[in-house]
Amino acid sequence: IVTGVDISISAIDECRKRLVDRGLDCDLIVSDLLDLKLDVEKFDVILVHYVLGALLEEERKIGMKKLMDLIKGGGLVIFEDLASGDVRETRGEMIEEGTIRKGNGITQHFFVEDEVRVLFEEFDIISLSVDEWLHGKMKRRRVLGHFKFR
């Protein structure tokens, strides 16, 4: 069973449409990580794709506890989010170290590698890297990690 969760109704609707177009099925839920309530067993794999970066520092800690409650022992968490040094880091009001509030009110944190290591301290690191590339003339950076829950 595959379960998809996103805070955006339009993202869930688009996902549902694509699944139907391909004849696939998936449980889809509109929620953020902190308010997520599931009546399911724990998951083998959780993809955390640009989720923790939308949270403030204390919320990220709560979010990590939620992830640990949702993942099976030996389960895999695949993490991706923006990294410090990305050009977008300067496009908003700094509200915490490494965290901005964009003009549209959305919070965005820009991770450093050591910070991710601390967040995932209850996990074995399979891989952790920061990628950098140019998008036109703008520098983009993201942090990618694969973590196995102990």
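Residues numbered from 1 in each chain as written. Predicted model: local features only at pLDDT ≥ 70, side-chain atom pairs only at ≥ 80, totals over all residues. Heavy atoms only, no water.

Draft legend 1. Highlighting the sheet that holds strand β3 (residues 43–49). On the basis of which strands lie adjacent, the open sheet formed by four strands has the order β3-β4-β9-β8 and mixed pairing. Strand pairing shows two members of the sheet lacking a second neighbour, β3 and β8 (123–135), which therefore form its edges. On average, each strand axis in the sheet is inclined to that of its neighbour by 10°, with strand direction left out of account. Relative to strand β4 (residues 71–82), β3 is paired through six bridges, and the arrangement is parallel. Considered in β4, the bridge of V48 is made with F79. Strand contacts of helix α2 (residues 57–70): β3, β4, β8 and β9 (138–149), with the helix running at about 140° to β4, the strand carrying the most contacts. (Pairing = 2+ DSSP bridges. Helix = DSSP H or I, 4+ residues; strand = E, 2+ residues; numbered from the N terminus. Axes fitted to C-alpha atoms, helices over the stretch in contact; angles between N-to-C directions. Contact = heavy atoms within 4.5 Å.)

Draft legend 2. Inspection of unusual backbone geometry at higher detail. Of note, the phi angle at Y50 is positive, near 55°, even though the residue is not glycine. Structurally, Y50 can be placed in the loop between β3 and α2.

Draft legend 3. Up close: the pairing of strand β2 (residues 27–30). In this sheet, β2 lies alongside strand β1 (residues 3–6) in parallel orientation, the contact comprising four bridges. When the sheet's bridge partners are listed, D6 is paired in β2 with V30.

Draft legend 4. Quick look at the packing of aromatic side chains. For the structure on display, the rule yields five aromatic pairs. Ring geometry for F120 against F123: centres 5.3 Å apart, planes inclined by 70°, an arrangement best described as edge-to-face. The two residues F120 and F123 agree in class, both being buried. Residue F120 is classed as buried on the basis of its relative accessible area, which comes to 1%. Through pairs of rings, three or more aromatic residues link up here, namely F79, F111, F120, F123, F147 and F149. (Phe/Tyr/Trp six-rings, centres within 6.5 Å; stacked < 30°, edge-to-face > 60°. Buried < 20%, exposed > 50% of the residue type's maximum accessible area, 1.4 Å probe, protein only.)

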